[in-house]
Structure formats: C-alpha cells, structure tokens
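# Structure assessment
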Amino acid sequence: MSGLAADLRVIAALGRRAVNQAFRRPQFLAPIVVFPTLFLAVNTGGAGRAIDLPSFPHVHGFLDFQLAGSMVQSTMLAGVSAGISLALDIEIGFIDRLIAAPVRRSVIVLGRLVATMVLGALSALWFLTVGLIFGAHIQGGVPGFLLVVLLVALCAAAFGSVGAALALKSGKASVVQGIFPLVFVVLFLSSAYFPRDLLLQPAETIAQWNPMSFIAEGIREPIAFGMDTGHTLKALLGIGIVGAIGAALSSWALRARLRSG
Amino acid sequence: MERRFSDEVLAVAGIDLEVAEREIYAFLGPNGAGKTTTVRMLTTLLRPTGGSAWVAGHDVVADPSGVRRAIGVALQEAALDPLMTGRELMLLQSTLHGLPSAEGVRRSEALLDRVGLTEAAHRRVGTYSGGMRRRLDLAAALVHEPRVLFLDEPTTGLDPVSRQAIWKEVRHLNDEGTTVFLTTQYLEEADQLADRVGIIDRGCISAEGTPESLKAEIGGSHLELRIAEGGAERAREVMARFGELMPERDGILMVLLPHGASDVAPIVRALDDAGLAVESLDLVKPTLDDVFVAKTGRHLEGEAQHEAPGTAPQEPPVEQAAPA
C-alpha cells in the first residue's frame, strides 16, 4: 500500500472513530444541533418581522435568512466539540497510542477534522430539512442545496482546526470549552444573524472584515437569493482564512507537544 | 540517555542499559524514579535531551518510525477510549499499524480470544474492569506482532488474579520470542517475571542484574523485630553489636545477619538481658526491597521513604519529574 493510501486509510479509521464518539456522547452532539436549532426557533419566532425593516434585503422569509447563521453557529460549536474531544484524548492518554504508531503525526489531526466535516455536513442536512419543513425556500434549487452542504462541511473542518490547535496547545478539555462564549461574540459581530447595514458602529465595520460574515453570506446566498459565484468565492476565502490560521496553529501546537512529550 | 524537563527538573539523569533479544527486563523503582520517562523516550513519545538509544536496531531520534514499527506499547493506566468497543479498538490498532483489513480482523479476533475478551469484545471499554482493560491494552500492543514489547506498570492497581493473568501472558509472549521491557514498582513482579532487573532511583540506575545475583550481592538474611514501646533506642544499640542496622519500616527494627539464622538466638538473648520485650520477630531472606535499601538507603515497598541512618544515596541528587 502506498504512503498516501495508507494515510487515507488511517484518516478514515480515525474519522470513523471520532464520528462514533460524537454519537455516543450526546453532550457533544447537542451543541451542534440542539442549541443552534433552539436559537433558530427563538430568533425566527421572535424577530420574524425584522424583514420589514428598511434596508433589510428582500427575502422570502426570516427563516430563509436565519438558516445560514444557525449553520455557521453549528459549525463553530462543532469545532469546539472537536477540540474538546481531542483534548480528552490527550487527557486520557489515548493520543499516546496514536503517536506511538507508525503513522504521520498530521493524520491524527486530519482524522479528527474529517469527522468534524462529516458532522458539519449532517448539521447542514438537518437545518436545511428543518427549514424546508417550516416553509423556507432554497432559491438555488438542488445545486444550491448541495453547495450549502459543501460549504458548511468545509466550514466545520476549518473551525475544527482551530479547536484542535487549542486542544493540542492546552491539552485540557476545560480550556477548549472555555471558548464556548466566544463563539457567540464572533457571530454577533458578523452578518450571520442580521444584515450588515442594520448593525450599529463599530459592529458594522467589524462585521465587514469578519470572515464569519463572508462565510454566512456565502451560505445564505443559495438559500435566500440564488446561486452567486462571488459570494461563494468569498465564503471559500473566509473558510480558507479560518482554516489556514487553524492549520498553522495546530501544526505549531502539535510540534510543541511532541517536543515536550 | 538523559531527559531534562527544565533547568531544575532532571527526570532521567543519564541511564546506560542494554537489553538482550528475547529477554524480560524489568525496571524497578518508586513513583517518580524516571521509569515512565525512560519508556516514553524509548518508545519515541518523548525526545531525549541527551545521549542516544537504539531499539530493535533503530535510533529513537533519527529513525523513530523504524522504532514504532518494531515495538508494541502498553502504557500506564491503559490509555483506552471508554466509548469504543474492544473489537473497534483492536481494528483501529491494526489499521494504525498498516495491516490489511482481513489480516487485521483475523489477528484482532485471535488476540481477543487469547486474552479472554471475545465475549466482551462488542462491549464498550468503559464497561470493562481494570483487569479486562489491561488485557485489552496488551492485546492491542500485540496486533502487529512486535519484536519488542514495552509495558509500563502493567499490573498497577490490579487484583492478584488479574495480575497473575497478565504475568502468564507476558511469560507466554517471551517464550514465543518477544523481548519485553517492563516497568514496575512491585518487587514480586520483577522477581517473578524478569530475567534481569534494573533498579532505578532518582533518574539513575542504582543496580542491575538477575534477581538472584542482586539479592546475593547484599548478603544473607535479616531479622525484623518489633520492640515494646519505649525500647527502640536501646534495642538499636543492642542489635548493632550483631550486624549492620537497616532502615526502619513502620516501627520495625531490622538488622542484617552476617551468619544467617544462627545469629537469631544471641540477639534475642541480648535483648532479653537488656530487659527489652520483643513483640514480634521475623527472619527474612533477602528481597529486592533489601537490594533497593542497600543501594539507595530507602525502602521501595509501601514507598516508606525513611532514610537509613548514616546512609547516603549513591546517586547524585537530582530532582524528580512530575510527568514520570
């Protein structure tokens, strides 16, 4: 078996383990599905008339607009969960089993990210299904549906890399869990839940440069407005920025951890 | 080999050792002696900060992949995922070691059967007892048929029956040709299992040899006496006339008997003449704990860290590392 094929096989095995882990530990799955779903229900039910505000973009309904925000929230929490799981592997010593095996160190993290990507895709399917059941329209049709699933999956992997970096650096699940509130701060300072034009300063300026805005708008476009290459590329850019930061930090933290033992 | 964690913490202070192929080598020492740190360096989990080491012909720093392919590792506290089933863990381990799927399944099932876990293989590891977890960990370490097996405190915390089961399996593996390097803080484990024992204390090897040669090195038997309250000081003076005093343990006075059992009666008579009441008396043949005391001035068993009167540790004083 070639080196690449062997690596892919190990990544798949570790990814399968991590997905099983999430389903066997409901407290890890809940933040990915339950919290964002409740948030979606409360937001849509309570602020549904926001679409009548001047400057609010013309959409079929507030639910169509909100779905993207919930999915980004879900992927960020999936990233936190991935980090907590990896930190628990470090705490119980399971990571030593992986490090003592003749596999490339990077595949240990990649296996975790593949699992986060799968959970992200499942989260996208969940929110799109819930949205369709409660009257949302997907303007981009089937291609738009598939594009949203792809973007959300990639987004989850990107946030997973940030969670992994924190886990590798700290080695403590409690530290990774500590960034949970930060997820909401970052999201509220983006256009995930409200259009940029309706945000007050300095939130509007921050949202303009916040990669979460690019990602949320890229995911929202196929749902609320139809396919748009520009927004898709911006979303990919946002995901790329988060992923590159996460990958660089993970790589640095992994090297430091291996050095210190 | 040396490992320093900081300017103040030198966990392994320069260890020289050689383990022969097909040998069972036991590293015996108290908590914090540097056993685990040494194993972590030899299994490539931790880089040495000084010196060099080869395992199965591979340099642990220059060729860590070669080392990893040749070794099996069962670390302290059985680092298992409680959410996985026993069978899933075995299959993951076989994938990590690059075994083809069918071969991985075959070997996993055979090893689960060998350690008596076939019936529990579908259950999550979190439901296993301590002994089952250790047996699963051992089976996982063997899935790729390693030449060298590292066992870090394989029976710590286990009941006697589980301990015996692990010992039996280790002997069996060694009979099949596997070289075994194990760490332990149990004297009996080292005595029963090892072809050779290395006594490690404060990051240095204090003594090395077969259990028999180590015990023979320190001479004959010793006498353990418990004296009625208030008489210990006077008893020490009396006993010192017959042989070298050993460090006390839990109020028990000990003296080496240069002439073996024939020294017992004169000592008891002398104590009686001095008006001291003997509450209990035991004639004890040398154990590895006696070797440990002779070499380090402290007891290993029970981690009673009494310093022997007038006995200085033979090794240079070094800090003990928390991670070890």
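Since this is a predicted model, take the numbers as computed values, not measurements. (Residues numbered from 1 in each chain as written. Chains lettered and ligands numbered in written order. Predicted model: local features only at pLDDT ≥ 70, side-chain atom pairs only at ≥ 80, totals over all residues. Heavy atoms only, no water.)

Now for the sheet that holds strand β12 (residues 245-249) of chain B. Residue and element names in this part refer to chain B. Spatially, β12-β13-β11-β14 is the arrangement adopted by the four strands of the open sheet, whose pairing is antiparallel. Each having just a single partner strand, β12 and β14 (278-284) make up the two edges of the open sheet. Neighbour-to-neighbour, the strand axes of this sheet turn through a mean angle of 20 degrees, independent of strand direction. Pairing analysis gives three bridges linking β12 to strand β13 (residues 252-256), with the strands arranged antiparallel. By the bridge assignment for β13, Arg249 is matched with Ile252. Packed onto the sheet, helix α9 (residues 232-240) meets β11 (222-227), β12 and β13 and runs at close to 10 degrees relative to β13. Relative to the sheet, helix α10 (residues 264-273) contacts β11, β13 and β14, its axis offset from that of β11 by approximately 20 degrees. (Pairing = 2+ DSSP bridges. Helix = DSSP H or I, 4+ residues; strand = E, 2+ residues; numbered from the N terminus. Axes fitted to C-alpha atoms, helices over the stretch in contact; angles between N-to-C directions. Contact = heavy atoms within 4.5 Å.)

Examined at the domain level, chain B breaks down into domain 1 (3-215 + 296-310) and domain 2 (220-283). Of note, the centres of domain 1 of chain B and domain 2 of chain B, computed from C-alpha atoms alone, are 39 Å apart. (Domains from an automatic or database assignment.)

With that settled, consider the packing of aromatic side chains. Residues and elements named next belong to chain A. Throughout the structure, instances matching the rule amount to 12 aromatic pairs over all chains. With 5.2 Å between their ring centres and 50 degrees between their planes, Phe39 and Tyr193 make a pair best called tilted. Residue Phe39 is found in helix α2 (residues 26-46), and its partner Tyr193 is found in the loop between α8 (180-188) and α9 (203-209); the two are separated by 154 residues along the sequence. Its relative accessible area of 24% is what places Phe39 among the partly exposed residues. Judged by relative accessible area, which is 2%, Tyr193 ranks as buried. Ring geometry for Phe62 and Phe65: centres 6.4 Å apart, planes at 5 degrees, overall stacked. Of this pair, Phe62 and Phe65 both sit in helix α3 (residues 62-91), separated by three residues, roughly a single helical turn. (Phe/Tyr/Trp six-rings, centres within 6.5 Å; stacked < 30°, edge-to-face > 60°. Buried < 20%, exposed > 50% of the residue type's maximum accessible area, 1.4 Å probe, protein only.)

Attention now moves to unusual backbone geometry. All names here are of chain B. At Glu145, a position not held by glycine, the phi torsion is positive, near 50 degrees. In this fold, Glu145 is placed in the loop between α5 (130-141) and β7 (148-152). Residue Arg202 is not a glycine yet carries a positive backbone phi of 50 degrees. Assignment of secondary structure puts Arg202 in the loop between β9 (196-201) and β10 (204-209).

Next up on the list: the sheet that holds β9 of chain B. Backbone-to-backbone hydrogen bonds join strands into a sheet, with any given pair of strands oriented parallel or antiparallel. Residues and elements named next belong to chain B. Spatial ordering of the open sheet is given by β6-β7-β8-β3-β9-β10, a layout of six strands whose pairing is mixed. Whereas interior strands pair on both sides, the edge strands pair on one side only; in this sheet they are β6 (71-74) and β10. Strand after strand, the sheet turns through a mean of 15 degrees between neighbouring axes, direction not considered. Bridge analysis of β7 against strand β8 (residues 179-184) gives five bridges, and the strand direction is parallel. Bridge pairing links Asp152 to Thr183 in β8. The sheet strands contacting α5 are β6 and β7, and the helix crosses β6 at an angle near 165 degrees.

One finds Met71, Ile215 and Ile219 of chain A together with Leu136 and Val197 of chain B to be the most contacted residues of the largest nonpolar core, which totals 134 residues. Dropping the residues within four chain positions of it, Met71 of chain A is found in contact with Ala124, Phe127, Leu128, Val148, Val152, Ile219 and Ile223 of chain A. The next biggest cluster of nonpolar side chains, apart from the first, holds 14 residues, and it includes Ile227, Leu253, Ile267 and Leu276 of chain B. (Core = buried A, V, L, I, M, F, W, Y, C linked by side-chain atoms within 4.5 Å.)

Our next topic: the interface of chain A and chain B. On the chain B side, the residues contacting the 25 residues of chain A number 31 residues. The contact between chain A and chain B buries some 2,400 Å² in all, and 56% of this surface belongs to carbon and sulfur atoms. For chain A, the biggest contributors to the area lost against chain B are Arg9, Arg24 and Arg97 of chain A; these three give 30% of the whole. Put simply, chain A and chain B have four salt bridges between them. With a shortest N-O distance of 2.9 Å, Arg40 of chain B and Asp96 of chain A are connected by a salt bridge. On the surface where chain A and chain B come into contact, there are 11 residue pairs in polar contact (both at pLDDT 80 or more). A total of eight residues in the side of chain A that touches chain B trace back to one element, the largest contributor, which is helix α1 (residues 3-24) of chain A. Counted by class, the side of chain A that touches chain B contains 12 nonpolar, five polar and eight charged residues. (Buried area = accessible area lost by both parts, 1.4 Å probe. Salt bridge = Lys/Arg side-chain N within 4 Å of Asp/Glu carboxyl O. Polar contact = N/O pair within 3.5 Å; in protein donor to acceptor, adjacent residues only side chain to side chain. Nonpolar A, V, L, I, M, F, W, Y, C, P; charged D, E, K, R; others polar.)

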